[in-house]
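Here is what each chain is made of, one letter per residue.
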Amino acid sequence: MSRFDAVLFDFDGTVADTGKGIFGGVYHTLAHMGLEPPPEEKLRYFIGPPLHDSFQTVFGFDAETSDAAVKKYREYYREKGMFELTFYDGMEELLVRLRVSGVKTGIASAKPDIFLKEIIARYRVDEFFDTIAGSDINYIHSDKAEIISAAIDGLGGLDKSRVLMAGDRKFDIAGAKTAGVKSCGVLYGYGSRAELEEAGAEYLVKTPGEIFEIVKS
């Protein structure tokens, strides 16, 4: 018997390494604004939270400047950035094993829903997910807990004690706690062990395959 009936995944930094496309979009934006590009390490914050929040937190932009930055970023992202990614080693195998075992799966990401669905269809992995929940294009509904709750609803309103949320950043763990589900921090993404432990992740894994062991234990 499985410990969990469903696993929800963050996308950026959990299902796929999307750093190249995201960082490329930020550099494109800064060049347009005449700003010096920072080291890539500084841009790791962009993997996880909504873009508006990231531009304000990392560069100190006000709301109006952040809006303009997001619009410029999306010029690059729509054209090429969204497809500059690689799926983490072992992720597809994990999704197949979960599917065969009868465990439901879904995406719960702060990335806009329209981009998530296009990416997943492009890479032909849509068959592995029972539901896809993201933010709307304007980030009006971008609270991670709300997104997780929407994903659970998309799975048919499962018992929350039987749902596991997997993510690489503190936002995923905090969102899971607020939504009332257990969380698994993945150490192969963009968050650190310290960040995930401090956020209170119930489980930590070094590889996608370890998630299956948690689910089936």
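The coordinates are above.
Being a predicted model, the structure only gives us computed values, none of them experimental.

**Regarding the overall build of the protein**
Within the protein one finds nine helices and eight strands. Computed over the C-alpha atoms, the radius of gyration of the protein is 17 Å, within 12% of the 17 Å expected from 2.2 N^0.38 for a compact globule of 217 residues. Each of the three principal axes of the protein carries a C-alpha extent, and together these read 55 × 35 × 30 Å. Counting over 217 residues, the protein shows a buried share of 53%. For the protein, the proportion of contacts with a sequence separation of at least 24, taken over those separated by at least 6, is 65%. In the structure as shown, the protein presents an accessible area of about 9800 Å², 49% of it carried by carbon and sulfur atoms. Treating the 26 positive side-chain charges of the protein as one cloud and the 35 negative ones as another, the clouds have centres 3 Å apart.

**Considering the side chain of Ser 54**
Position of Ser 54 among the secondary structure elements: in helix 2 (residues 51–59). On the basis of relative accessible area, Ser 54 is assigned to the buried category, the value being 0%. The contact partners of Ser 54, leaving out residues within four places of it in the chain, are Tyr 45, Phe 46, Pro 49 and Phe 59.

**Concerning the packing of aromatic side chains**
Two aromatic rings are characterised by how far apart their centres lie and by the angle between their planes. All chains considered together, the criterion is met by 14 aromatic pairs. Summarising the aromatic geometry, the rings of Phe 59 and Phe 61 are spaced 5.6 Å apart at their centres and angled 25° between planes, so their arrangement reads as stacked. Given the relative accessible area of 22%, Phe 59 is considered partly exposed. Overall, the relative accessible area of 12% leaves Phe 61 in the buried class. Positioned above the aromatic ring of Phe 212, the side-chain terminus of Arg 97 is 3.8 Å from the ring centre. Cation over ring: Arg 122 sits above Phe 83, and NZ or CZ is 4.0 Å from the ring centre.

**Structural notes on the packing of helix 1 (residues 19–32) against helix 3 (residues 63–79)**
Running from amino to carboxyl end, helix 1 crosses helix 3 at an angle of 125°, the nearest separation of the two axes being 8 Å. Considered as vectors, helix 1 and helix 3 are oriented oblique to each other. Between helix 1 and helix 3 the crossing geometry is right-handed. Note on element contacts: helix 3 touches helix 1 through Ala 69, Lys 72, Tyr 73, Glu 75, Tyr 76 and Tyr 77, opposite Gly 21, Ile 22, Gly 24, Gly 25, Val 26, His 28, Thr 29 and His 32. A class-by-class count of the residues in the contact of helix 1 with helix 3 yields six nonpolar, six polar and two charged.

What counts as what
Residues numbered from 1 in each chain as written. Predicted model: local features only at pLDDT ≥ 70, side-chain atom pairs only at ≥ 80, totals over all residues. Heavy atoms only, no water. Helix = DSSP H or I, 4+ residues; strand = E, 2+ residues; numbered from the N terminus. Rg over C-alpha atoms; globule rule 2.2 N^0.38 Å. Buried < 20%, exposed > 50% of the residue type's maximum accessible area, 1.4 Å probe, protein only. Contact = heavy atoms within 4.5 Å. Areas by Shrake-Rupley, 256 points an atom, 1.4 Å probe, with all protein chains shown as cover. Lys, Arg positive; Asp, Glu negative; His and termini not counted. Charge placed at Lys NZ, Arg CZ, Asp CG, Glu CD. Phe/Tyr/Trp six-rings, centres within 6.5 Å; stacked < 30°, edge-to-face > 60°. Lys NZ or Arg CZ within 6 Å of the ring centre and 35° of its normal. Axes fitted to C-alpha atoms, helices over the stretch in contact; angles between N-to-C directions. Parallel < 35°, antiparallel > 145°, perpendicular 65-115°, else oblique. Left-handed = near helix turned anticlockwise from the far one by under 90°. Nonpolar A, V, L, I, M, F, W, Y, C, P; charged D, E, K, R; others polar.

Keep in mind these values describe shape, not function.
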